[in-house]
Amino acid sequence: MSFAHPIAFTLAALTLPIVALYILKVRLRRVSVSTNLFWKQIYDEKPPRSVWQNFRHLISLLLQLLLLLVIVLAIADPYFSGQLLQARRLVVVIDNSASMRATDVVPSRLEAAKSAALDIVDGLRFRDEVAVVLAGSTPDVLVGMSGHAPTLRDAIQGIEFSDNATYLTAAIELGRQLIGQHPHGQVVVMTDGCVDRVADSPSRITSSAEQAPVEYRLFATDASNAGITQLQVRRSLTDPLGYEILASVRNASASAVACRLELSLNDIPVDVIPLTLKPEERWSRSIEKTSLEGGRLEGVLTQIQTSDRADAPMKTQETHLDELDQLSTDNSAWAILPGRKTQRVLIVSQGNLFLQKVFEANPLVEVTSRKDFPEQWPTDSIIVLHGIVPSILPAGNVFVVDPIGSCDQWEQGEPMENPIVTELDKTSPLMNHIRLDNVLIPDAKQLRFKTPPHSLAKTLSGEFVYAEVKRPGGKCLVLSVNLDRSDLAFRTVFPIMVANSLGWFSGSTGELQQSLPTGAVTTVTINDEAHSVNDLMLTSPGGKITPVVVTSTDSAMVTTESVHSSMSATIGPLNEVGVWSVSQTIKDAKKADIPENVLAEVAINLANDRETDLRPLRDLVESPQTHFTSAEWFSRPFWYYLILSACILTTLEWFLYQRRLIS
């Protein structure tokens, strides 16, 4: 036997004062009495006590010494070497993905998994250790290796639902690192088995003799489900007022399903599409619509009809789909449609029909043209300068095409003959869907910029053909191609280039603002110099508000930095389905932050085929499962039984003392 705290044996020195107090001779008090008639009789019955005569209650003294010994042993924490050799080190990995919300296992898959994890905690033996790892978008250690059951129970009971996909591999590897080389280590995975066959199947989890084995506990049935697996929206490249919707719906069940896909923009119905899906069928379609306004596009599945067989008649049930299938998270999806605004354009040119028509073809543009420079430049218009440029570029948004002459931003050099464009900035929104390598450019201007510009298109020799000029007076684009001699004006790339520039000048994000899957981290641009970092708040679809800070370790981390006249904010991970918004805040009467003036929105959808399919992976269903033995009476630490013995001895000594006192 060994002791965890052998220094506790120094408390055995308390034996001496206990014995001393026990044999201490009691001095009788002097008391005046009226007569001594009966004292002789009492003196004969109870003579004065001596030191050795006090040991007539030897049992009581031994009980007190035994009580002290038991307490000292309990503090020293004795244990047997066999207990250390048999101790286990377990890691419980709990899957809280979107599919764990399914109710085919009562009350839900996640609650059943948490209950099984609590059973493991209740079955811990002495010296066993358990860690709890949450398999989210990134693995999270809720509790490190611990044998403290209340802490483990609180961590497990505090696990909430998320809308993430299932990521088990990283969580299992983290659990193995926590176990190390322990001989009795094991990773227990609480999941519903809705994992990717390629990434998270048991055959893909590498194992060796040195690594802890993995056991899967499944909480799922072959439940039926149908859901929206994709919803994206983008502005049309040809129609400034048009937009296209890409929607996909999957029937992940063995029964035929009929339902309706209802689409609405800003709560206004856009389309209702009836669907009839065979077992395992996937429906996908691109839908074209027209709207000047942007906003939130929502798709919802409603009015389900089910059948046991694909050839059987449908059973009509007038109810919402989330009451019939086992998962409601994928019954709704969102997307953000960029809005369109009318823009004024002033073209200063000696005459180029193609340049004027490409702007006039856009119904959102009000075009004004003239041949000479105005006395005062308008401040509410995009100024397009074709040919001769003024010595000082006007303030505001300026688009310079085929410049002639020098100005405050550049000096004109020698003409470039037959330049070949070899380098494009494909990351810039100005270059979306643009290719210039097959465009015939016989002539272009060579410009020597006074401030290094941001290159959008370069030649083989490093000369700028298309560039963004950085200046404090406003945004500026320069296209040095000669439109009269080039075929650029005859190609479709030129209207796209103009459309991208109009969107860039207006500050819009372009024709596409992609809907992201749950757990994503993204960067949004806030086009307003007046907003400071301290004023921004991130609001989840459920209403949870997180301040935008420079550094944070919260579940919704946000960082910001200045970018010219705008701010860039990185937000994530976004673990909830719906629309997240970045807003400026104001103080109400109670000095609380209230989100106002939404600056950016991001649509988050489940968008995961494997989470929509609620049926567990066959490899996991067929994997062997073990069961841990529950804790028995004598599996508790030895000090626990010593404390119980101390309580019994205290009760016995109290009983003996009362008997002596009464007698």
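Everything that follows concerns the structure shown earlier in this document.
Residues numbered from 1 in each chain as written. Predicted model: local features only at pLDDT ≥ 70, side-chain atom pairs only at ≥ 80, totals over all residues. Heavy atoms only, no water.

Q: Let's hear about the overall build of the chain: which residues, and what values?
A: A tally of helices and strands in the chain yields 12 helices and 35 strands. Sorting the 663 residues of the chain into buried and exposed places 45% on the buried side. For the chain, long-range pairs separated by at least 24 residues make up 71% of all intrachain contacts whose partners lie at least 6 apart in sequence. Roughly 34,800 Å² of accessible area belongs to the chain as shown, and the carbon and sulfur atoms make up 55% of that amount. (Helix = DSSP H or I, 4+ residues; strand = E, 2+ residues; numbered from the N terminus. Buried < 20%, exposed > 50% of the residue type's maximum accessible area, 1.4 Å probe, protein only. Contact = heavy atoms within 4.5 Å. Areas by Shrake-Rupley, 256 points an atom, 1.4 Å probe, with all protein chains shown as cover.)

Q: Now, about the sheet that holds strand E5 (residues 139–146): what can you tell me, with residues and values included?
A: Taken in spatial order, the 5 strands of this open sheet run E5-E4-E3-E6-E7, and their pairing is mixed. Each edge of the open sheet carries a strand with a single partner, namely E5 and strand E7 (214–218). Adjacent strand axes in the sheet meet at a mean angle of 15 degrees, parallel and antiparallel pairs treated alike. In this sheet, E5 lies alongside strand E4 (residues 129–135) in antiparallel orientation, the contact comprising 5 bridges. Each bridged residue has a counterpart across the sheet, and for Leu134 the counterpart in E5 is Asp140. Across the sheet, helix H6 (residues 149–157) lies against strand E3 (89–94), E4 and E5, angled at about 165 degrees from E5, the strand it touches most. (Pairing = 2+ DSSP bridges. Axes fitted to C-alpha atoms, helices over the stretch in contact; angles between N-to-C directions.)

Q: Lay out the nonpolar core in plain terms, naming residues and giving numbers.
A: Of all hydrophobic cores here, the largest spans 37 residues; its most connected members are Phe359, Phe399, Leu436, Tyr466, Leu479, Leu488 and Phe494. Among the elements of the structure, strand E16 (343–348), helix H8 (353–360), strand E18 (382–388), strand E19 (398–404), strand E25 (454–459), strand E26 (464–469), strand E27 (476–479) and helix H9 (493–506) are those that each provide at least two residues to this core. Sort the elements by how many residues they give to this core and H9 lands first, with 8 residues. With near-sequence residues (within four places) excluded, Leu479 lies in contact with Phe399, Val400, Val401, Asp402, Pro403, Val465, Tyr466, Leu488, Phe494 and Met497. (Core = buried A, V, L, I, M, F, W, Y, C linked by side-chain atoms within 4.5 Å.)

Q: Just give me the short version of the state of the cysteines, but keep the residues and values in it.
A: For the coordinates displayed, the defined rule picks out 0 disulfides. Cys407 takes part in no disulfide bond, and the closest cysteine sulfur to it belongs to Cys476, at a distance of 7.5 Å. Under the relative-accessibility criterion, Cys407 is labelled buried at 4%. (Disulfide = S-S within 2.5 Å.)

Q: So what about the environment of Leu483? Which residues, and what values?
A: Its place among the elements puts Leu483 in the loop between E27 and H9. When the C-alpha atoms of Leu483 and Asp443 are compared, they prove to be 8.8 Å apart, with 40 residues separating the residues in sequence. Among all residues touching Leu483, those that are not within four sequence positions of it are Asn352, Leu355, Val401, Asp402, Leu488 and Phe494.

Q: Lay out the pairing of strand E8 (residues 225–235) in plain terms, naming residues and giving numbers.
A: Taken across its 11 residues, E8 has 9 buried, putting it largely inside the fold. Where E8 folds back on strand E9 (residues 242–252), the antiparallel hairpin that results is connected by 6 residues.

Q: Explain H6 to me, using residue names and the numbers behind them.
A: Every buried residue of H6 is accounted for by Ala149, Leu152, Ala155 and Ile156. In a view along the axis of H6, the buried residues occupy a sector of 130 degrees, so they form one face of it. Tucked inside the fold, the buried residues of H6 contact E3, helix H5 (109–122), E4 and E5. (Arc of directions from axis to C-beta.)

Q: Account for the sheet that holds E8, naming residues and giving values.
A: Spatially, 3 strands are ordered E8-E9-E12 in an open sheet, and the strand pairing comes out antiparallel. Of all strands in the sheet, those bounded by a partner on one side alone are E8 and strand E12 (282–290). Within the sheet, the average angular offset between the axes of one strand and its neighbour, ignoring direction, is 15 degrees. Sheet topology places E8 next to E9; 10 bridges connect them, and they run antiparallel. Bridge assignment links Leu231 to a residue of E9, and that residue is Ala247.

Q: Now, about the packing of aromatic side chains: what can you tell me, with residues and values included?
A: Under the counting rule described, the total for this entry stands at 6 aromatic pairs. Ring geometry for Phe373 and Trp377: centres 5.7 Å apart, planes at 50 degrees, overall tilted. Note on Phe373: relative accessible area 34%, which makes it partly exposed. Taking 5.9 Å as the distance between ring centres and 70 degrees as the angle between the ring planes, the aromatic pair formed by Trp410 and Phe449 counts as edge-to-face. Within this pair, whereas Trp410 is found in strand E20 (residues 410–412), its partner Phe449 is found in strand E24 (residues 447–449), the two being separated by 39 residues in sequence. Here the two residues Trp410 and Phe449 agree in accessibility, since each one is buried. The ring of Trp504 has Lys475 sitting right over it, with the charged end atom 5.0 Å from the ring centre. (Phe/Tyr/Trp six-rings, centres within 6.5 Å; stacked < 30°, edge-to-face > 60°. Lys NZ or Arg CZ within 6 Å of the ring centre and 35° of its normal.)

Q: So what's going on with the pattern of salt bridges? Which residues, and what values?
A: A complete count under the given rule lists 26 salt bridges for this structure. Between Lys289 and Asp271 there is a salt bridge, and its shortest N-O distance comes to 3.3 Å. With Lys289 in strand E12 and Asp271 in strand E11 (residues 268–277), the pair connects residues that are 18 residues apart, well separated along the chain. Overall, the relative accessible area of 22% leaves Lys289 in the partly exposed class. Residue Asp380 pairs with Arg344 through a salt bridge whose shortest N-O separation is 2.8 Å. Here Asp380 is found in the loop between strand E17 (365–370) and E18, whereas its partner Arg344 is found in strand E16, with 36 residues between them in sequence. Taking the relative accessible area as the measure of exposure, Arg344 reaches 45% and is therefore partly exposed. Through salt bridges with shared partners, a single network forms among Arg250, Glu280, Arg610, Asp613 and Arg615. (Salt bridge = Lys/Arg side-chain N within 4 Å of Asp/Glu carboxyl O.)

Q: Go over the environment of Asn96 with me, naming the residues and quoting the values.
A: Note that Asn96 resides in the loop between E3 and H5. Every residue in contact with Asn96, bar those within four places of it in the chain, is listed here: Leu110, Leu134, Ala135, Gly136, Ile159, Glu160, Phe161 and Ser162. Reaching out from Asn96, the side chain makes a polar contact with the backbone oxygen of Glu160 at a distance of 3.1 Å. (Polar contact = N/O pair within 3.5 Å; in protein donor to acceptor, adjacent residues only side chain to side chain.)

Q: A description of the environment of Ser480 should follow, citing residues and the corresponding values.
A: Structurally, the position occupied by Ser480 is in the loop between E27 and H9. Remark: the alpha-carbon pair of Ser480 and Val401, spanning 79 residues in sequence, is separated by 6.0 Å. Apart from the residues lying within four places of it in its own chain, the contact partners of Ser480 are Asp402, Pro403, Met416, Ala444, Lys445, Leu447, Phe464 and Val465. Of the polar contacts made by the side chain of Ser480, one reaches the backbone oxygen of Phe464; its length is 3.4 Å.

Q: Tell me what's going on with unusual backbone geometry, and back it up with residues and numbers.
A: Here the bond from Val106 into Pro107 is cis, since omega is -5 degrees, no more than 30 degrees from zero. Inspection of the secondary structure assignment puts Pro107 in the loop between E3 and H5. A cis geometry characterises the amide bond from Gly572 onward to Pro573, with omega recorded as -5 degrees. Position of Pro573 relative to the elements: it lies in strand E33 (residues 566–574). Phi angles above zero are rare outside glycine, and Asp267 is one such case at about 70 degrees. Tracing the backbone shows Asp267 in the loop between strand E10 (257–265) and E11. Judged by its relative accessible area of 69%, Asp267 falls in the exposed class.

None of the figures reported here should be taken as evidence of function without further support.
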